Amino acid sequence: MTSMTENTGVRHGAAPGSRGRTTIADVVVEKIAGMAARDVRGVYALGSGFARSMGAMRERMPGAGSGKSATRGVSVEVGELQAAIDLEIVVEYGVSITDVAGEVRENVISAVERMAGREVVEVNIVVSDVKLPAEEEEGEERQRIQ
């Protein structure tokens, strides 16, 4: 008599977490980093003035999506174990830029390492603008003129 056995590829006794592979897309890490950066007090916006203007125009177009892009001003390189993150931020006038940058860096590292399980090897921050109290958003001004 011959017996047939089927190899299902399941390693009996192996932990469930080691049975397969998890891949995390770059955009997922970009969104995590963007949200974590926005949560820091003193961060007015992410992205350069041009990127914010283009985003504001896109938001007004019907069917083009709603809300501000969570990935605007964020770029990442994600490997299997590590991630590197570049952020472009606008800070509010009167805050300590170095303190805000430090808090952004800590918040982003904590969020990405906790949620994505990737070691963050660097968070580079470019402060591209300062939001002055007297400055009005271009969108707000345009809405009044219409």
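Procedures and definitions
Residues numbered from 1 in each chain as written. Predicted model: local features only at pLDDT ≥ 70, side-chain atom pairs only at ≥ 80, totals over all residues. Heavy atoms only, no water. pLDDT = per-residue confidence, 0-100. Helix = DSSP H or I, 4+ residues; strand = E, 2+ residues; numbered from the N terminus. Axes fitted to C-alpha atoms, helices over the stretch in contact; angles between N-to-C directions. Parallel < 35°, antiparallel > 145°, perpendicular 65-115°, else oblique. Left-handed = near helix turned anticlockwise from the far one by under 90°. Contact = heavy atoms within 4.5 Å. Nonpolar A, V, L, I, M, F, W, Y, C, P; charged D, E, K, R; others polar. Patch = residues over 30% accessible without salt bridge, like charges linked within 9 Å, V, L, I, M, F, W, Y side chains within 5 Å. Areas by Shrake-Rupley, 256 points an atom, 1.4 Å probe, with all protein chains shown as cover. Salt bridge = Lys/Arg side-chain N within 4 Å of Asp/Glu carboxyl O. Lys, Arg positive; Asp, Glu negative; His and termini not counted. Charge placed at Lys NZ, Arg CZ, Asp CG, Glu CD. Buried < 20%, exposed > 50% of the residue type's maximum accessible area, 1.4 Å probe, protein only.

Looking at the protein chain, the pLDDT average stands at 81 and 71% of residues meet or exceed 70. By mean pLDDT, helix H4 (residues 138-145) is the weakest element of the protein chain at 50, and helix H3 (residues 97-116) is the strongest at 98.

Taken N-terminus to C-terminus, the directions of helix H1 (residues 26-38) and H3 make an angle of 140 degrees; their axes are 8 Å apart at the nearest point. One element, H1, and the other, H3, form an angle in the oblique class. You can see that H1 and H3 cross each other, and the crossing is right-handed. Note on element contacts: H3 touches H1 through Val-104, Asn-107, Val-108, Ala-111, Val-112, Met-115 and Ala-116, opposite Val-29, Ile-32, Ala-33, Ala-36 and Ala-37. Considering only residue class, the contact of H1 with H3 consists of 11 nonpolar, 1 polar and no charged.

Together, Asp-26, Glu-77, Asp-86 and Glu-122 make up a region of like negative charge exposed at the surface. Mapping Glu-77 onto the fold places it in strand E2 (residues 74-78). Glu-77 gets classed as exposed once you look at its relative accessible area, which sits at 60%.

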